[in-house]
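Single-letter residue listing:
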Amino acid sequence: MTAQILDGKQLAETLRAEVKRGVLAFVAEHGRAPGLDVVLVGEDPASQVYTRNKEKQAKEVGIRGTLHTLPAETTEAELVALLARLNADDAVDGILVQLPLPKQIREQTVLDLIRPEKDVDGFHPVNAGLLASGRPSLVPCTPRGCMKLLERAGTKLAGARAVVIGRSNIVGKPALQLLLAESATVTIAHSRTKDLPALCREADVLVAAVGRPEMVRGDWVKDGAVVIDVGINRVEVPGTGKTRLVGDVAYDEVAERAAAITPVPGGVGPMTIACLLENTLVAARARVAAR
Ligand code: GUN
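### Things to note about the environment of F26
At step 1: Among the secondary structure elements, F26 is positioned in helix α1 (residues 8–30).
At step 2: In contact with F26, not counting residues within four places along its chain, are G31, R32, A33, P34, L281, A284, R285 and V288.

### Description of unusual backbone geometry
Of all residues except glycine, most have a negative phi; of all peptide bonds, most are trans.
At step 1: Going from L99 to P100, the amide bond is cis rather than trans, its omega being 0°.
At step 2: On the secondary structure map, P100 appears in the loop between β4 (94–97) and α4 (107–113).
At step 3: Between V264 and P265 the backbone carries a cis peptide bond, its omega angle lying at -5°.
At step 4: Positive phi values are uncommon outside glycine, yet S183 reaches one of about 70°.
At step 5: By the element assignment, S183 lies in the loop between α7 (172–181) and β6 (185–189).
At step 6: Note on S183: relative accessible area 45%, which makes it partly exposed.
At step 7: In this structure, D195 is a non-glycine residue whose phi angle is positive, near 45°.
At step 8: For D195, the location among the structural elements is in the loop between β6 and α8 (196–201).

### Let's talk about a nonpolar patch on the surface
At step 1: A cluster of nonpolar side chains, namely V49, Y50 and I232, defines an oily patch on the protein surface of about 250 Å² accessible area.
At step 2: Summarising the element assignment, I232 is placed in the loop between β8 (226–229) and β9 (233–237).

### Overview of the side chain of E278
At step 1: Structurally, E278 is set in helix α10 (residues 268–289).
At step 2: Once residues lying within four places of it in the same chain are set aside, the contact partners of E278 are L15, V19, R144 and K148.

### Some details on the packing of helix α6 (residues 141–152) against α10
At step 1: Closest axis-to-axis distance for the α6/α10 pair is 8 Å, and the angle between their directions is 110°. With respect to each other, α6 and α10 are oriented roughly perpendicular. For α6 against α10, the interelement crossing comes out right-handed. Residue-level contacts link C141, T142, R144, G145, C146, K148 and L149 of α6 to V268, M271, T272, C275, L276, E278 and N279 of α10.
At step 2: A breakdown of the residues in the contact of α6 with α10 according to their chemical character gives seven nonpolar, four polar and three charged.

### Digging into the packing of α1 against α6
At step 1: At their nearest, the axes of α1 and α6 sit 11 Å apart, and the two run at 105° to each other. Relative to α6, α1 is oriented roughly perpendicular. Here α1 contributes G8, L11 and L15 to the contact with α6, which in turn contributes K148, L149 and R152.
At step 2: Split into classes, the residues belonging to the contact of α1 with α6 amount to three nonpolar, one polar and two charged.

### Considerations on the nonpolar core
At step 1: Grouped together as the largest cluster of nonpolar side chains are 48 residues, with contacts concentrated most on L150, L179, I228 and V230.
At step 2: For this core, the secondary structure elements donating two or more residues are α1, β2 (35–41), α6, β5 (161–165), α7, β7 (205–208), β8 and α10.
At step 3: If one sorts the elements of this core by residue count, α10 sits on top with 10 residues.
At step 4: Apart from residues no more than four positions distant in its own chain, I228 is found in contact with L6, C146, L149, L150, L206, V207, A208, T262 and V268.
At step 5: By size, the runner-up hydrophobic cluster in this structure holds 21 residues, among which are A3, A189, C200 and A225.

### Considering the site of the ligand
At step 1: Near the ligand, the surroundings consist of L96, V97, Q98, L99, D121 and F123.
At step 2: At 2.8 Å, a backbone N or O of V97 approaches a nitrogen atom of the ligand.
At step 3: Side-chain polar atom of D121 to a nitrogen atom of the ligand: 2.6 Å apart, as the coordinates give it.
At step 4: Its free accessible area being 280 Å², the ligand has 81% of it covered by the protein chains.
At step 5: Along the lines of polarity and charge, the residues of the shell around the ligand split into four nonpolar, one polar and one charged.

### Examining a positive patch on the surface
At step 1: Side chains of R167, K173, R192 and K194 sit close together on the surface and give a patch of like positive charge.
At step 2: Looking at the element boundaries, K194 is found in the loop between β6 and α8.
At step 3: The class for K194 is exposed, based on a relative accessible area of 76%.

What counts and how
- Residues numbered from 1 in each chain as written.
- Predicted model: local features only at pLDDT ≥ 70, side-chain atom pairs only at ≥ 80, totals over all residues.
- Heavy atoms only, no water.
- Helix = DSSP H or I, 4+ residues; strand = E, 2+ residues; numbered from the N terminus.
- Contact = heavy atoms within 4.5 Å.
- Buried < 20%, exposed > 50% of the residue type's maximum accessible area, 1.4 Å probe, protein only.
- Patch = residues over 30% accessible without salt bridge, like charges linked within 9 Å, V, L, I, M, F, W, Y side chains within 5 Å.
- Areas by Shrake-Rupley, 256 points an atom, 1.4 Å probe, with all protein chains shown as cover.
- Salt bridge = Lys/Arg side-chain N within 4 Å of Asp/Glu carboxyl O.
- Axes fitted to C-alpha atoms, helices over the stretch in contact; angles between N-to-C directions.
- Parallel < 35°, antiparallel > 145°, perpendicular 65-115°, else oblique.
- Left-handed = near helix turned anticlockwise from the far one by under 90°.
- Nonpolar A, V, L, I, M, F, W, Y, C, P; charged D, E, K, R; others polar.
- Core = buried A, V, L, I, M, F, W, Y, C linked by side-chain atoms within 4.5 Å.
- Near = heavy atom within 4 Å.
- Polar contact = N/O pair within 3.5 Å; in protein donor to acceptor, adjacent residues only side chain to side chain.
- Lys, Arg positive; Asp, Glu negative; His and termini not counted.
- Charge placed at Lys NZ, Arg CZ, Asp CG, Glu CD.

Set out below in structure tokens:
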């Protein structure tokens, strides 16, 4: 079997065009653009790239994007003060604090302070709880992007066996909830799971979100499975001094067995930012409607 390649770049472009139309209508109706404020603390190179892309793509669809860059020595109190200001600012519809944060700042303390209605990452316990109780509000962007790719592939989820590798609050747990809401039978696997390859072989839908380069091998995958690779790992190419990006899935091996697979780069990655833009529009609409 040769796998269908699930093109996230193209699907993200379609979604951005849809968001752009929604933003135009929002501006026409409310006389202002939806606003997204992204906060970066420190100089992690990958985070710098991600946050710049978030700001740039926001602007491209007509969202007012602002990137706040704070030095690595920023105290928790300073970050809390910025978030209080953004929470109170009526022109701010979405707030995103890029993770990871420097070690002097407690991540959960900070994320809990973002007003749930502005929490476009969907990381606030209120939004996580709404999702878990079947009332999704602002849903985490990466798993939402995974679901859109599955939908695009025409994957039948009702009754399907889904295995999600990774139990993070950012991807694994919300992915579980979204798959469950579509009536899949979902298992979360993690570092303590016994015989992971055997478990993965049962999956009709396999979502890999562990951050271990090419961990999922060809013989872990059932013939005809749909494989979603969330990993973005930079690895050295031996003998060249160069690096390249690989996913959590050994792409060439798995593509021989899977019915469909997301590439890295160009799969889940572009969908994450497109879903963030969509969440910002959703948050802006909900905030004006709540007035
Ligand atoms: N760091 C890696 N992924 C994410 C994400 O989706 N949101 C935020 N805020 N930080 C991240």
